[in-house]
Amino acid sequence: MSLREPDVVVTVRMQDKDDRDFKLYEDVHVGGPGGRLWDASVLMARHLAERVAGSLHNATVIEIGAGLGLPGIVAAHQGAHVTLTDKERCLDLLWLNAGANDVADEVEVVAFEWGRKPRGLKPPYDIVLLSDCICHDENFVFRPILKSLRDVSGPSSEILISYKRRSPTEDKFWECAEEFFDVTLVECEEVPSISRDGDDLGVALYRLRLKSTSGAICDSPQHPMGGVLVDPIAPADTPEPPSERPASRGSSPTAVTGSTRSSREEEGGVEGSTQSLPPVEHAKKRMRLELC
């Protein structure tokens, strides 16, 4: 049986290679918000594609909250051993996109929800990816995300988070993160809205590394995020609804093309620099520094 045409085609310039088209199938009925392409995942994918040739070869990479799986799929094309994770209902969509981009035999797809024990996983991973999972006023997910980041990483792990700021309440995530991780701004771009957010806000990429003195995540009752997530406590497992394969749709793919070079590469910037940050990101970085 032939597959329908992909919903989105993302063109990424691979390091030392020609441009490559990545075909993605979307389905919000199956994956919810994770069933569509978001701007931050494109920035993450481009960053991974631009890394020094061979730097991802044989690295162990996990993407949590993978959604369509674009960053992890790009990492697999760079020679990494990739594990894509999301809720049970999203796994068929991840397998579909892995197969559409010829990496189904090179990746693992595992059900993993934030805050729960990492069953079926093999931490610590060399690189941990998280794209656009810090959303609006959903503070209740911040602590489980941070706990999962710690659970799948180790002292030498590199955690990459791509992020579009939409609400001041999201700063609580970074306030908590900086208690347990060293956080560095890698790059920020003003990109046309691919995900149909209706805005062209800057998308930022951050690097986190676990602090040697970090303990349980947000274990203080006085912490602004509520402070109830202390190891080894995790939410009780609940059964997932049976997954469904994406329904066929005959829509034409949305082409996402253009230069994949980051603003810091074109302007000769240095990782960690705030040069050419959009005003909202300047303000957020100042706010975060004041909270340290």
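Residues numbered from 1 in each chain as written. Predicted model: local features only at pLDDT ≥ 70, side-chain atom pairs only at ≥ 80, totals over all residues. Heavy atoms only, no water.

**Here we look at the overall build of the protein chain**
Using the following cut-off: Secondary structure elements are taken from DSSP: a helix is a run of H or I of four residues or more, a strand is a run of E of two residues or more, and numbering for both begins at the N terminus. Contacts: residue pairs with any heavy atoms within 4.5 Å of one another. Only the protein chains shown count as cover for residues, with accessible areas throughout obtained via the Shrake-Rupley method and a probe of 1.4 Å.
When its secondary structure is counted, the protein chain shows eight helices and ten strands. The long-range share in the protein chain, meaning contacts at least 24 apart out of those at least 6 apart in sequence, stands at 73%. When the accessible surface of the protein chain is split by element, carbon and sulfur atoms take 51% of a total near 13100 Å².

**Observations concerning the environment of Asn97**
Along the polypeptide, Asn97 turns up in helix H4 (residues 91–100). Separated by 29 residues in the primary sequence, Asn97 and Leu68 have C-alpha atoms spaced 6.7 Å apart. Residues in contact with Asn97, not counting those within four places in the same chain, are Lys23, Leu24, Tyr25, Leu68 and Ile73.

**A look at the pairing of strand S6 (residues 127–131)**
Let me state the cut-off plainly: Three exposure classes are used, based on accessible area relative to the maximum for each residue type with a 1.4 Å probe and protein chains only: buried under 20%, partly exposed in between, and exposed over 50%. Strands are labelled as partners when DSSP assigns at least two bridges between them.
With five of five residues buried, S6 lies mostly within the body of the structure. Judged by which residues are buried, S6 turns out to be covered on both faces: Ile127, Leu129 and Ser131 on one side and Val128 and Leu130 on the other are all buried. Sheet topology places strand S3 (residues 60–63) next to S6; three bridges connect them, and they run parallel. If you follow Ile62 over to S6, its bridge partner there is Val128. Judged from the five bridges that link them, S6 and strand S7 (residues 158–164) form a sheet pairing that is parallel.

**A word on the packing of aromatic side chains**
Going by this rule: Planes of paired rings set the category: under 30 degrees apart is stacked, over 60 is edge-to-face and the rest tilted, where pairs are Phe, Tyr or Trp rings (Trp by its six-membered ring) whose centres lie within 6.5 Å.
Considering all chains together, one arrives at four aromatic pairs under this definition. Aromatic pair Phe142 and Phe173: ring centres 5.7 Å apart, planes at 70°, arrangement edge-to-face. You can see Phe142 sitting in helix H5 (residues 142–151) and its partner Phe173 sitting in helix H6 (residues 171–180), a full 31 residues away along the chain. Residue Phe173 is classed as buried on the basis of its relative accessible area of 0%. Cluster of aromatic residues (ring-pair linked, three or more members): Phe142, Tyr163, Phe173, Trp174 and Tyr206.

**So, H6**
Within H6, seven of the ten residues are buried, leaving the element largely enclosed by the surrounding structure. For H6, the set of buried residues is Asp171, Phe173, Trp174, Cys176, Ala177, Glu178 and Phe180.

**What about the packing of H5 against H6?**
Condition: Every axis corresponds to a line fitted to the C-alpha atoms, with the helix fit spanning only the stretch in contact, and the corresponding angles, defined between N-to-C directions, vary from 0 to 180 degrees. By definition, turning the near helix anticlockwise from the far helix through less than a right angle yields a left-handed crossing, and turning it clockwise yields a right-handed one. Gly is put with the polar residues, along with every residue not named as nonpolar or charged; the nonpolar set is Ala, Val, Leu, Ile, Met, Phe, Trp, Tyr, Cys and Pro, and the charged set is Asp, Glu, Lys and Arg.
Contact pair H5 / H6: the axes reach a minimum separation of 10 Å and the direction vectors enclose 35°. Classified by chirality, the crossing of H6 by H5 is right-handed. Here H5 contributes Phe142, Ile145 and Leu146 to the contact with H6, which in turn contributes Lys172, Phe173, Cys176 and Ala177. Taken together, the residues of the contact of H5 with H6 break down into six nonpolar, no polar and one charged.

**Points about the side chain of Asp151**
So the rule is basically this: For this analysis, a polar contact is any N or O atom pair within 3.5 Å, provided that within protein one partner can donate a hydrogen and the other can accept it, and provided that sequence-adjacent residues contribute only side-chain to side-chain pairs.
Summarising the element assignment, Asp151 is placed in helix H5. Side chain to side chain, Asp151 and Lys147 meet in a polar contact 2.8 Å long.

**Thoughts on the packing of helix H2 (residues 39–50) against helix H3 (residues 70–77)**
Defined as follows: For this classification, under 35 degrees means roughly parallel, over 145 means roughly antiparallel, 65 to 115 means roughly perpendicular, and everything else is oblique.
With their axes 8 Å apart at the nearest point, H2 and H3 run at an angle of 10° to one another. Taken as axis vectors, H2 and H3 run roughly parallel relative to one another. Along this stretch, H2 crosses H3, giving a crossing that reads as right-handed. Listed contacts from H3 to Ser41, Val42, Met44, Ala45, Leu48 and Ala49 of H2 are Leu70, Pro71, Val74 and Ala75. For the contact of H2 with H3, the class distribution of residues is nine nonpolar, one polar and no charged.

**A word on the pattern of salt bridges**
What counts, and what does not: What makes a salt bridge here is a side-chain nitrogen of Lys or Arg within 4 Å of a carboxyl oxygen of Asp or Glu, nothing more.
A full pass over the atoms with the stated rule returns nine salt bridges. The shortest N-O distance in the salt bridge between Arg165 and Asp171 comes to 2.8 Å. Taken together, the shared-partner salt bridges connect Arg51, Glu158 and Arg207 into one network.

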